[in-house]
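# A closer look at the structure
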Amino acid sequence: MHITALALSPSAPFLKPKNLLNRNPNPSPGVVPVQLHLLTSTNGLSCHRSSSLFSSLSSVLFPYPNPRFSGFKFRASSVPENAEETEKSSNLGGILQLGSMFVIWYLLNIYFNIFNKQILKVYPFPATVTAFQFGCGTVLVILMWAFNLYKRPKISKSQFSGILILAVTHTMGNLLTNLSLRKVAVSFTHTIKAMEPFFTVVLATLFLGEKPTLPIVSSLVPIVGGVALASFTESSFNWTGFWSAMASNLTNQSRNVFSKKFMVNKEGALDTINLFSVITIISFLLCTPVAIFIEGIKFTPSYLQFAASQGLNVRELCVRSLLAGICFHSYQQVSYTILQMVSPVTHAVGNCVKRVVVIISSVIFFQTPASPINSLGTGVALVGVFLYSRAKRMKPKPKAA
């Protein structure tokens, strides 16, 4: 397994592992290194013969057919057959795989937001719902490690202190998001969460000393303006829902800054999947007592019957809670898998498109009323997020000496 450092969002840098060939720089004396260039071909393995000397050596070394090498054919060729077609096929396969991952990511997001909103409408206990969702993720992580689908990590004490801070901010961010979803429409929560780049820039400047470029600062103007316009004209506006979503932006982006400050360039840093898995387990252990302290124990027949009186019977509530919990963990797992396959900027653009898809699907499903000005504000904010993603790709010009 490659050991990498992780940033939990495209707004923070992500280090990709590089595959290096093991080479022996000091061959044994008296041994002449022989280099074979193996090329893939539809007819077997091909290797270059640079001179007739290779033919003489091969006839001496392999005078008789050997069953161990019967599956190999050695022949001279300057270019492998159908190399272009093989490369195109490989590229096409990679594109299809990546496209499928994005589709799965978006679908899991859509279903999570729909199920989550339906649950919170009739079961108004966001802390309990959040703890249950972390619990579903914890079960999935344990099964993943138990069946060796992914290697269980070993965590040092120094690593745990950094991960604990990430887990605290991760827990708070998801709890505040669910509180916002309880109070306002899904589309409005995600419009407010489009302000994440603004908090990223501010926190990175304050804690990491990173100075934003002019294009990045310019892209924040439509983001802030669009969110303000959408907020003034939102029919489901609620101050608790608004400030909860804003606070979730702050905690989520604090998590990203901390991930860079504590995890990047550390020896033996965890990879994306295991770091997210460990954070999920810690978040469950943190959120459960908090939920009990704030809301009490709500998994009792009386509270389930209350939810049934609001429109969802007990069976529907349990099934949708389970599906929401699975989607909650799975879409984040898929997100980090995609982050391993593409650059952070490409992931950020995909995240922007995902937010558009979630907003549109929730408006259609819940038939959320939206005025033209409200729609304009949402659109302007999302365009600003896209411009921010593009601005992050631009490298600052080196200053002349």
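## Overview of the overall build of the protein chain
- Looking only at helices and strands, one finds 13 helices and two strands in the protein chain.
- Within the protein chain, the proportion of its 401 residues that are buried is 43%.
- In the protein chain, of all internal contacts separated by at least 6 residues, the share reaching a separation of at least 24 is 87%.
- Counting only carbon and sulfur atoms, one obtains 66% of the accessible surface of the protein chain, whose full area is about 22,500 Å².

## Remarks on unusual backbone geometry
- Backbone geometry places N148, a non-glycine residue, at a positive phi of 55°.
- Looking at where N148 falls in the secondary structure, it is placed in the loop between α3 (126–146) and α4 (157–183).
- For N148, a relative accessible area of 67% corresponds to the exposed category.
- The residue Q367 is not glycine, and still its phi comes out positive at about 50°.
- Within the secondary structure layout, Q367 lies in the loop between α12 (344–366) and α13 (372–393).

## Comments concerning the side chain of N109
- Residue position: N109 is located in helix α2 (residues 83–122).
- Since its relative accessible area comes to 1%, N109 is described here as buried.
- Once residues within four sequence positions are removed from consideration, N109 is found in contact with Y331, K354 and V358.

## So, the confidence of the model for the protein chain
- On average, residues of the protein chain score 77 in pLDDT, and 73% of them reach the 70 mark or higher.
- Mean pLDDT per element in the protein chain: strand β1 (residues 38–41) is the minimum at 38, and α3 is the maximum at 95.
- Within the model, pLDDT remains below 50 along residues 1–77, and this stretch shows 97 contacts once partners closer than five positions in the same chain are excluded.

Conventions adopted
- Residues numbered from 1 in each chain as written.
- Predicted model: local features only at pLDDT ≥ 70, side-chain atom pairs only at ≥ 80, totals over all residues.
- Heavy atoms only, no water.
- Helix = DSSP H or I, 4+ residues; strand = E, 2+ residues; numbered from the N terminus.
- Buried < 20%, exposed > 50% of the residue type's maximum accessible area, 1.4 Å probe, protein only.
- Contact = heavy atoms within 4.5 Å.
- Areas by Shrake-Rupley, 256 points an atom, 1.4 Å probe, with all protein chains shown as cover.
- pLDDT = per-residue confidence, 0-100.

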